[in-house]
Amino acid sequence: ALKRFPWKVSRAGFQKVRESKPRSDAERFWKLVYGRACSWGGRPNLSGYSTLHDGNTYGLEDLWRFQERLKGVRLVTQDWRKTLGRCDSADTLFFIDPPYIKEWGDLGEEISPEDIADGVRKLKGDFVIAYTDSARARRALAKVGHPFRLKIQEARHTGIWAKRNRLFVASFDLKKSEELEFIEPSELGELDESGEQGEPREPDPVASEAQLEGAAA
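Residues numbered from 1 in each chain as written. Predicted model: local features only at pLDDT ≥ 70, side-chain atom pairs only at ≥ 80, totals over all residues. Heavy atoms only, no water.

1. Digging into the overall build of the protein
Scanning the protein for helices and strands turns up seven helices and four strands. Reading the secondary structure of the protein in the N-to-C direction produces α-α-α-α-β-α-β-α-β-β-α. Residues classed as buried in the protein amount to 32% of the 217 residues present. In the protein, 58% of the contacts between residues at least 6 apart in sequence involve partners at least 24 apart. Put simply, the protein shows about 15200 Å² of open surface, and 51% of that area lies on carbon and sulfur atoms. (Helix = DSSP H or I, 4+ residues; strand = E, 2+ residues; numbered from the N terminus. Buried < 20%, exposed > 50% of the residue type's maximum accessible area, 1.4 Å probe, protein only. Contact = heavy atoms within 4.5 Å. Areas by Shrake-Rupley, 256 points an atom, 1.4 Å probe, with all protein chains shown as cover.)

2. Quick notes on the packing of aromatic side chains
Counting across every chain of the model gives seven aromatic pairs. Taken together, a centroid distance of 5.1 Å and an interplanar angle of 50 degrees make the contact between Tyr100 and Tyr131 tilted. Here Tyr100 is found in the loop between β1 (93-96) and α5 (113-120), whereas its partner Tyr131 is found in strand β2 (residues 126-132), with 31 residues between them in sequence. On the accessibility criterion, Tyr100 (7% relative accessible area) is buried. By the ring-pair criterion, three or more aromatic residues cluster together here, those being Phe5, Trp7, Trp30, Tyr34 and Tyr58. (Phe/Tyr/Trp six-rings, centres within 6.5 Å; stacked < 30°, edge-to-face > 60°.)

3. Let's talk about the pattern of salt bridges
Here the structure, examined in full by the defined rule, presents seven salt bridges. A salt bridge links Arg138 to Asp133; its shortest N-O distance comes to 2.5 Å. Looking at Arg138, the relative accessible area reads 17%, which means it is buried. Owing to a relative accessible area of 2%, Asp133 belongs among the buried residues under this scheme. Bridged by salt links that share partners, the residues Arg81, Asp115 and Asp118 form one connected network. (Salt bridge = Lys/Arg side-chain N within 4 Å of Asp/Glu carboxyl O.)

4. Examining helix α1 (residues 11-19)
Along an α-helix, residues three or four positions apart point the same way, because every turn accommodates 3.6 residues. Every buried residue belonging to α1 is among Gly13, Phe14 and Val17, and all of these are buried. Angularly, the buried residues of α1 cover 100 degrees about the axis, an arc narrow enough to put them on a single face. Of the residues in α1, the exposed ones pointing more than 90 degrees away from the buried face are Arg11, Ala12, Lys16 and Glu19. (Arc of directions from axis to C-beta.)

5. Points about a positive patch on the surface
A contiguous patch of positive charge on the surface is contributed by Arg121, Lys122, Arg139 and Lys143. Examined against the element boundaries, Lys122 turns out to sit in the loop between α5 and β2. (Patch = residues over 30% accessible without salt bridge, like charges linked within 9 Å, V, L, I, M, F, W, Y side chains within 5 Å. Lys, Arg positive; Asp, Glu negative; His and termini not counted. Charge placed at Lys NZ, Arg CZ, Asp CG, Glu CD.)

6. Focus on the confidence of the model for the protein
Considering every residue of the protein, the mean pLDDT works out to 78; 77% of them sit at 70 or more. Note that residues 187-217 has pLDDT below 50 and, in this model, 30 contacts with residues that lie over four places away or in other chains. (pLDDT = per-residue confidence, 0-100.)

7. Section: the environment of Val128
One can find Val128 in strand β2. Using a relative accessible area of 14% as the deciding quantity, one classes Val128 as buried.

8. Quick word on a nonpolar patch on the surface
A contiguous nonpolar patch, built from Phe66, Leu70, Val73 and Leu75 and spanning about 430 Å² of accessible area, is present on the exposed surface. Looking at where Leu75 falls in the secondary structure, it is placed in the loop between α3 (61-64) and α4 (80-87). When its relative accessible area of 80% is taken as the criterion, Leu75 is described as exposed.

9. Notes on the packing of α4 against α5
Two numbers describe how α4 lies on α5: the axes approach to 10 Å, and their chain directions differ by 20 degrees. Considered as vectors, α4 and α5 are oriented roughly parallel to each other. Where α4 crosses over α5, the handedness of that crossing is right-handed. Facing α4, whose interface residues are Trp80, Arg81 and Leu84, α5 presents Asp115, Ile116, Asp118 and Gly119. Residues belonging to the contact of α4 with α5 are distributed by class as follows: three nonpolar, one polar and three charged. (Axes fitted to C-alpha atoms, helices over the stretch in contact; angles between N-to-C directions. Parallel < 35°, antiparallel > 145°, perpendicular 65-115°, else oblique. Left-handed = near helix turned anticlockwise from the far one by under 90°. Nonpolar A, V, L, I, M, F, W, Y, C, P; charged D, E, K, R; others polar.)

Next up, the structure:
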């Protein structure tokens, strides 16, 4: 049933899926999956077309290997705090990746790091939180778990892929994997006034020479 739909990413296909009104499960699946493949940032509201995957074809074959694993999975749409409360147990592992402040502001659904910290503070289960790597997030989330930073490959506004620092906080100790790029403290840049991570600052050659002259004197 799914093979009858267009899966090649194009502006025309995006316009078609955005205007579609699904009547069956197959049509709803196509709108969700293909629409997000075409939209900027993979956003479910299909607000705008992204040229990042233009011309690529979504591989349906990749979906079948997840079929067995996803049997019995239940999706819910509700307040995130309610989900934490209902699903919490000693055997639960939560992965919490909320809309970050200053990154998803157009959705009007940003969740502050302070709210996330408050929400996980009394959980019985374990959790891993992903958030913007900012001074505000580090202050709030470091109080509830073990923070670490990774360099993640992400699509940027320019339509190209680039690495970006992301903050993660886990309720348990994690072992480093060679497949992931951890950020060492020596690699961290200074913070700007907004608390965002800047690039590591190069030493000032003029200041360095002045320091050397002063030391020699």
